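Chain by chain, the residues run as shown.
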Amino acid sequence: MTDSIMSKAATMEIPINSNGDTRALGEDDGLEQPPNTQWSLEGTGGRLPGRRDLQQVMVSGPNLNETSIVSGGYGGTAEGIIPTSSIKDLRMKCRGVNIAPSQSAASRIASQSDDFPGIPGPSMHHGGGSPPMAEEATRGVAVEKFDMMKKWSMNTYKCTKQLISERFGRGSRTVDLELEAQIEVLRDTKRKYENVLRLARALTNHFYSMVQTQHALGDTFADLSQKSPELRDEFGYNAETQKLLCKNGETLLGAINFFVSSINTLVNKTMEDTLMTIKMYENARLEFDAYRADLEELNLGPRDAVTMARIDTAQEQYQIHKEKYERLRNDVTIKLKFLEENKVKVMHKQLLLFHNAISAYFAGNQQQLEQTLKQFNIKLKQPGADKPSWLEEQ
């Protein structure tokens, strides 16, 4: 029985000292032993193992925590040795238990990881260092968003405080009297032009309904002239008159639509763009006054080290918002100047068109009406031009 056990343990190396700890053996010491030496048990006195010690090991069992599995068989090289303690450590780590790694196991795994790609080495536990970089990038984005939210909150608080102070007459505000007067004139002009636009659209709708009625009436007169021989001439004259009025009405509608389109562009695009710049200017003015009041308040307080640092920061913010305010004020001044020039040019052309077209229509001067449209490069849409051809409908 002892011989069978000794033959089965020929490929097992279990170095154990008196305390149960492993002894770091050289690779050649544990593998290049003669075939008749399978166990190496050390006692406190350095005596050789006897039969009684072997029986004790057989009864208690080997210490599997320090067992080395030789993959290459007896007499193989040290590169095939896989300590079972490392396998147990991996199992315990998966269960959430922290175990101090064995020095001998760590050194053997480090030497074997290059030759056995299936065995993970110590450098593979962290995935090449990418998780720390991703975590650092995420932390940087979070810090940046927090700083933006902090700046926005402080700016909103200061502006709200300044606005309430101005409403209750407790705070001062920066006023450019000439520019404020021009802005007020622009807003009043926009309201009046919007009223003109609304009335011109109403005129277009009503006149379009009248032209459609004239067209239907002319068709009815033409039909009755065919079915009433005794009144053929009278119905025929009225049919021709209504058709002519309908044609002139469509020409006038083209002129009025062009007038409405130009006024709409002037009011809802050109003026609105200038008013958007004015709104940005007013917001910059409010921010400028808010930071100016904050700086003045800090200057009235004590001059200790903390306050001086806050004063320097407030001075920088004050200068930044002052430059922004002055830049937007110049932009508003330039846009108001160009808007006034553009408004005069556009309205001069459109009012002349509207006057000539209305006068020619109600005077019955068809040639002058058509000449007016040619003068302003207005092209009328032919009836049925928007409808697809019969080839496109197929």
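Keep in mind the model is a prediction, meaning the values are calculated, not measured. (Residues numbered from 1 in each chain as written. Predicted model: local features only at pLDDT ≥ 70, side-chain atom pairs only at ≥ 80, totals over all residues. Heavy atoms only, no water.)

Draft legend 1. Region of interest: the overall build of the protein chain. Secondary structure summary: the protein chain contains eleven helices and three strands in total. Reading the protein chain from its N terminus to its C terminus gives the helix and strand order α-β-α-α-β-β-α-α-α-α-α-α-α-α. Within the protein chain, buried positions represent 29% of all 394 residues. Residue pairs at least 24 apart in sequence account for 73% of intrachain contacts in the protein chain once pairs closer than 6 positions are excluded. Looking at the protein chain as shown, the accessible area adds up to about 27,100 Å², and 56% of this sits on carbon and sulfur atoms. (Helix = DSSP H or I, 4+ residues; strand = E, 2+ residues; numbered from the N terminus. Buried < 20%, exposed > 50% of the residue type's maximum accessible area, 1.4 Å probe, protein only. Contact = heavy atoms within 4.5 Å. Areas by Shrake-Rupley, 256 points an atom, 1.4 Å probe, with all protein chains shown as cover.)

Draft legend 2. Structural view of the packing of helix α9 (residues 305-363) against helix α10 (residues 366-375). The contact between α9 and α10 brings their axes to 8 Å, and the two run at 160 degrees. It follows that α9 is roughly antiparallel to α10 by the angle criterion. In the crossing of α9 with α10, the sense of the turn from one axis to the other is left-handed. Between α9 and α10, the contacting residues are L353, N356, A357, A360 and Y361 on the first element and Q368, L369, T372 and Q375 on the second. Its residues placed into classes, the contact of α9 with α10 shows five nonpolar, four polar and no charged. (Axes fitted to C-alpha atoms, helices over the stretch in contact; angles between N-to-C directions. Parallel < 35°, antiparallel > 145°, perpendicular 65-115°, else oblique. Left-handed = near helix turned anticlockwise from the far one by under 90°. Nonpolar A, V, L, I, M, F, W, Y, C, P; charged D, E, K, R; others polar.)

Draft legend 3. Here's a closer look at the nonpolar core. By size, the foremost hydrophobic cluster in this structure holds 43 residues, and its most contacted members are I183, L186, I278, Y281, V332 and L336. Counting residues per element, the ones that place at least two in this core are α7 (177-227), α8 (232-299), α9 and α10. Once you skip the residues sitting within four places of it in the chain, L186 turns out to touch M271, T274, L275, I278, L336 and L339. (Core = buried A, V, L, I, M, F, W, Y, C linked by side-chain atoms within 4.5 Å.)

Draft legend 4. Region of interest: the packing of aromatic side chains. For the structure on display, the rule yields seven aromatic pairs. A ring pair is formed by F207 and Y361, whose centres lie 5.2 Å apart and whose planes are at 80 degrees; its orientation type is edge-to-face. With F207 in helix α7 and Y361 in helix α9, the pair connects residues that are 154 residues apart, well separated along the chain. Residues F259 and F354 carry aromatic rings whose centres are separated by 4.9 Å and whose planes lie at 35 degrees to one another, so their mutual orientation is tilted. In this pair, F259 sits in helix α8 while F354 sits in helix α9, placing the two residues 95 residues apart along the sequence. Residue classification places F259 among the buried positions, given a relative accessible area of 5%. In this structure F354 comes out as partly exposed when scored by relative accessible area, which is 27%. (Phe/Tyr/Trp six-rings, centres within 6.5 Å; stacked < 30°, edge-to-face > 60°.)

Draft legend 5. Quick peek at the environment of F221. Note on placement: F221 falls in helix α7. Under the relative-accessibility criterion, F221 is labelled buried at 17%. Residues F221 and Q242 lie 21 residues apart in sequence; the distance between their C-alpha atoms is 8.8 Å. Residues within four places of F221 in sequence aside, it is in contact with F235, N238, A239 and Q242.

Draft legend 6. The pattern of salt bridges, seen in detail. All told, the structure shown has 15 salt bridges when counted by the stated rule. Across the pair K192 and D188 runs a salt bridge, and its minimum N-O distance is 3.3 Å. Here the residue K192 and the residue D188 both occupy positions in helix α7, the gap between them amounting to four residues, near one helical turn. Three or more residues joined by partner-sharing salt bridges are found here, namely E166, R285, D289, R292 and E296. (Salt bridge = Lys/Arg side-chain N within 4 Å of Asp/Glu carboxyl O.)

Draft legend 7. Quick look at the confidence of the model for the protein chain. In this model, the protein chain carries an average pLDDT of 74, and 63% of its residues clear a pLDDT of 70 or more. Mean pLDDT across the elements of the protein chain ranges from a minimum in helix α2 (residues 27-31), with 42, to a maximum in α7, with 93. In the predicted structure, residues 4-52 sits below a pLDDT of 50 and forms 62 contacts with residues beyond four places in sequence or in another chain. (pLDDT = per-residue confidence, 0-100.)

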